[in-house]
Amino acid sequence: MKDGPRPRRSAGMLTNPQDLKPSSRPSTPPKLRPEIRQPQRASASPYPAPKVLMGEVAAPRAPEMRKVEIGRQRDAFRAFMLARHLRPTAWARAAGVPAGEILGFLTGKARGIAPASLEKLARAANCTTDDFFR
């Protein structure tokens, strides 16, 4: 008897692996299946791509002068708040306006505040809406 464990037969083997002699083993490598190439896809979506260019669909950008004007309004609004010692969350709560509307404008995520919200903020601060942007 040989030393060491005997190799186990798997369900697919017809003979004992110890019975195979080196000369009886197949000398040619197994045949590989040819690779089937899938067509290249631009995206993972199963739907066809739209024919309209995204530049035609996107909202027009504000001209450079408009950006400067929005920046000036934002700075004036911030100066108004600092002069009156107004905190965005407390002021918004007093006016009944979402605080995110004020914070979005101050951080630059929003281009402006809705006119109805400006009226409520003006009433809560006892001033007019024109005072915000002077």
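Our subject in this report is the structure included herewith.

Conventions adopted
Residues numbered from 1 in each chain as written. Predicted model: local features only at pLDDT ≥ 70, side-chain atom pairs only at ≥ 80, totals over all residues. Heavy atoms only, no water. Helix = DSSP H or I, 4+ residues; strand = E, 2+ residues; numbered from the N terminus. Buried < 20%, exposed > 50% of the residue type's maximum accessible area, 1.4 Å probe, protein only. Contact = heavy atoms within 4.5 Å. Areas by Shrake-Rupley, 256 points an atom, 1.4 Å probe, with all protein chains shown as cover. Axes fitted to C-alpha atoms, helices over the stretch in contact; angles between N-to-C directions. Parallel < 35°, antiparallel > 145°, perpendicular 65-115°, else oblique. Left-handed = near helix turned anticlockwise from the far one by under 90°. Nonpolar A, V, L, I, M, F, W, Y, C, P; charged D, E, K, R; others polar. Core = buried A, V, L, I, M, F, W, Y, C linked by side-chain atoms within 4.5 Å. Phe/Tyr/Trp six-rings, centres within 6.5 Å; stacked < 30°, edge-to-face > 60°. Salt bridge = Lys/Arg side-chain N within 4 Å of Asp/Glu carboxyl O.

## Here's the deal with the overall build of the protein
- For the protein, the count of helices and strands is five helices and zero strands.
- Scored against the burial criterion, the 134 residues of the protein give a buried share of 19%.
- In the protein, 50% of the contacts between residues at least 6 apart in sequence involve partners at least 24 apart.
- Only carbon and sulfur atoms are counted for the fraction: they give 57% of the accessible area of the protein, which is about 11,900 Å².

## Details of the side chain of Ser117
- Locating Ser117 in the fold gives a position in helix 5 (residues 115–125).
- Other than its neighbours up to four places away in sequence, Ser117 contacts Val97 and Glu101.

## Thoughts on helix 4 (residues 99–107)
- Every buried residue belonging to helix 4 is among Ile102, Gly104, Phe105 and Leu106, and all of these are buried.
- Downstream of helix 4 by a residue or two, Gly108 has a phi angle that is positive, lying close to 95 degrees.

## With respect to the packing of helix 3 (residues 88–95) against helix 4
- At their nearest, the axes of helix 3 and helix 4 sit 8 Å apart, and the two run at 135 degrees to each other. It follows from the interaxial angle that helix 3 and helix 4 lie oblique. For the crossing formed where helix 3 meets helix 4, the hand is right-handed. Here Pro88, Thr89, Trp91 and Ala92 of helix 3 come into contact with helix 4, specifically with Ala99, Ile102, Leu103 and Leu106.
- Its residues assigned to classes, the contact of helix 3 with helix 4 shows seven nonpolar, one polar and no charged.

## Section: the nonpolar core
- One finds Phe77, Trp91, Ile102, Leu121 and Phe132 to be the most contacted residues of the largest nonpolar core, which totals 17 residues.
- Put simply, the parts of the chain that give this core at least two residues each are helix 2 (64–83), helix 3, helix 4 and helix 5.
- Top element by residues in this core is helix 5. It accounts for four residues.

## Concerning the packing of aromatic side chains
- In the structure shown here, the tally under the stated rule is eight aromatic pairs.
- Where Phe77 meets Phe132, the ring centres are 5.5 Å apart and the plane angle is 85 degrees; that geometry is what we call edge-to-face. Taken together, the positions of Phe77 in helix 2 and Phe132 in the segment after helix 5 put the pair 55 residues apart, joining distant regions of the chain.
- Phe77 gets classed as buried once you look at its relative accessible area, which sits at 0%.
- According to the relative accessible area criterion, Phe132 is buried, its value standing at 0%.
- Ring plane angle 40 degrees and centroid distance 6.0 Å describe the contact between Phe80 and Trp91, whose orientation is recorded as tilted. Residue Phe80 is located in helix 2, and its partner Trp91 is located in helix 3; the two are separated by 11 residues in the primary sequence.

## Examining the pattern of salt bridges
- Tallied over the full model, the rule gives two salt bridges.
- One salt bridge connects Asp75 with Arg78, and the closest N-O pair in it is separated by 3.5 Å. Of this pair, Asp75 and Arg78 both sit in helix 2, three residues apart, which is roughly one turn of the helix.
- When its relative accessible area of 32% is taken as the criterion, Arg78 is described as partly exposed.
- One salt bridge connects Asp131 with Arg134, and the closest N-O pair in it is separated by 3.4 Å.
- According to the relative accessible area criterion, Arg134 is exposed, its value standing at 70%.

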